[in-house]
Amino acid sequence: MKRFQNKVAESRKTLPAAVAIGIGIWLLAGLVHQQWWIQFACFLLSIAVMTELDNSNALIRIFSRMTPVSFMAFSCSAAFLFPSVTGAIMQLCIITSLYTLFNCYQDQQATGWTFYTFLLLGLGSLAEPQALWLTPLYWLMMLTTIYCTSWRTLTASLLGLLCPYWFVGAWILFACHGDFTLIEEHFSQLVSITLPADYQSIGLPRILSAAFITILTLVGSIHFVRYSFRDKIRTRQLYNSLMLLYGFAALLAVLQPQYIDVMIRIMIVTGSPIVAHFLALTSTRFTNIAFSVVIGAAVLLTVFNVWMLSFHC
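Okay, so let's go over this structure.

Parameters and conventions
Residues numbered from 1 in each chain as written. Predicted model: local features only at pLDDT ≥ 70, side-chain atom pairs only at ≥ 80, totals over all residues. Heavy atoms only, no water. Core = buried A, V, L, I, M, F, W, Y, C linked by side-chain atoms within 4.5 Å. Buried < 20%, exposed > 50% of the residue type's maximum accessible area, 1.4 Å probe, protein only. Helix = DSSP H or I, 4+ residues; strand = E, 2+ residues; numbered from the N terminus. Contact = heavy atoms within 4.5 Å. Phe/Tyr/Trp six-rings, centres within 6.5 Å; stacked < 30°, edge-to-face > 60°. Lys NZ or Arg CZ within 6 Å of the ring centre and 35° of its normal. Axes fitted to C-alpha atoms, helices over the stretch in contact; angles between N-to-C directions. Nonpolar A, V, L, I, M, F, W, Y, C, P; charged D, E, K, R; others polar. Salt bridge = Lys/Arg side-chain N within 4 Å of Asp/Glu carboxyl O. Left-handed = near helix turned anticlockwise from the far one by under 90°. Arc of directions from axis to C-beta. Patch = residues over 30% accessible without salt bridge, like charges linked within 9 Å, V, L, I, M, F, W, Y side chains within 5 Å. Areas by Shrake-Rupley, 256 points an atom, 1.4 Å probe, with all protein chains shown as cover.

### Brief notes about the nonpolar core
Judged by nonpolar contacts, the single largest core of 94 residues is most densely connected at M66, Y138 and I146. It is helix α13 (residues 260–281) that provides the largest number of residues to this core, a total of 15 residues. With residues near it in sequence (within four places) discarded, M66 still touches A9, I60, A276, L279, A280 and F291.

What follows is the structure in structure tokens.
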């Protein structure tokens, strides 16, 4: 007899139910009153891309929709992220760039997919320049886990990354008469470092959300490492890529907390499949109890963050 955890993880009704709950949370948080339509559209598109990312790469070896469901749970529990248009656009670009990057697996001729990957990364960096910090990690993944590095793909990556800025540069020359002050201010955010780190400005909602995501992702990572032999080599390498990105984002959130909103979005994207893998592929009495505890914690955190958000809107 299946446990409650496995019934939820393997049910076809879980995803539509989660979407309905997610829409309800957005409405309660102030979707209509605050006119967060662009952010909400990015949220729905992100769910669709996360679902396709899961399906096309078989991230979970059984039928389960826990990857997009975990993404929705983390996103809705971090309700303080709802108002940011630039953050929502950046997050959508990161998810889509991972989808295109994973399509390059063991294909050193995948110049098209590589170009699209870094084009999306460049577009995301136009919204939030800190997305550019992922560029060296993407190159590292191409070399060590995705195995698609060649002179052609490296060239395609540079062209894709620079493409959005070529268009922005042309627009500045035409509309701003060559005043590149906006570009200078944009890139100056990449080297803006605060020492010592100011943790008092973060606030309790962000600390709780980051801790919640990190604890679950750490548990999921340990479980994956212990039982990764049951997955295909390709799946292992994709999860290794996600864990690398998550570790980088979590480290930056600790060292430079002024960027915690951007880092939490990256943590949500990269941590969701790891947590979903754990929740979908465990079936002990302990994990069944833990699953109920996780749901309860997610509900409490969501209620708290939506309540706190109402005071700032």
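Having put the structure on the table, let's press on.
### Some thoughts on the packing of aromatic side chains
Inspection of every chain in the model, using the stated rule, returns 18 aromatic pairs. Among the aromatic residues, ring-to-ring pairing joins W26, W36, F40, F43 and F82 into one connected group. Between the NZ or CZ atom of R12 and the centre of the ring of F63, over which it lies, the distance is 4.1 Å.

### Quick notes on the packing of helix α5 (residues 66–77) against helix α14 (residues 285–310)
Closest axis-to-axis distance for the α5/α14 pair is 8 Å, and the angle between their directions is 35°. Within the contact between the two elements, α5 uses M66, C76 and S77 and α14 uses F291, A298, L301, T302 and N305. Per-class residue counts for the contact of α5 with α14 are five nonpolar, three polar and no charged.

### Points about the pattern of salt bridges
According to the stated counting rule, one finds two salt bridges in the structure shown. Put simply, D261 and R206 hold a salt bridge, and the shortest N to O gap is 2.6 Å. You can see D261 sitting in helix α13 and its partner R206 sitting in helix α11 (residues 204–227), a full 55 residues away along the chain. For D261, a relative accessible area of 26% corresponds to the partly exposed category.

### Side note on the packing of helix α6 (residues 85–102) against α13
Each packed pair of helices is defined by two parameters, the angle between the axes and the distance between the axes. Relative orientation of the contacting elements α6 and α13 amounts to 35°, with a least axis distance of 10 Å. Between α6 and α13 lies a crossing of right-handed hand. Counted together, G87, A88, M90, Q91, I94, I95 and L98 of α6 and V262, R265, I268, V269 and T270 of α13 form the full contact between these two elements.

### Concerning helix α8 (residues 135–144)
Those residues of α8 lying buried are T135, L137, Y138, M141 and M142. Looking straight down α8, one finds that the buried residues subtend no more than 160° of arc, so they occupy a single side. Buried residues in α8 make contact with α6, α7 (111–127), α9 (151–175) and α12 (233–255).

### Observations concerning a nonpolar patch on the surface
A cluster of nonpolar side chains, contributed by F4, I295, V299 and V303, occupies part of the molecular surface with about 350 Å² of accessible area. In terms of residue count, α14 provides more of the nonpolar patch than any other element does, three residues in total. One can find I295 in helix α14.

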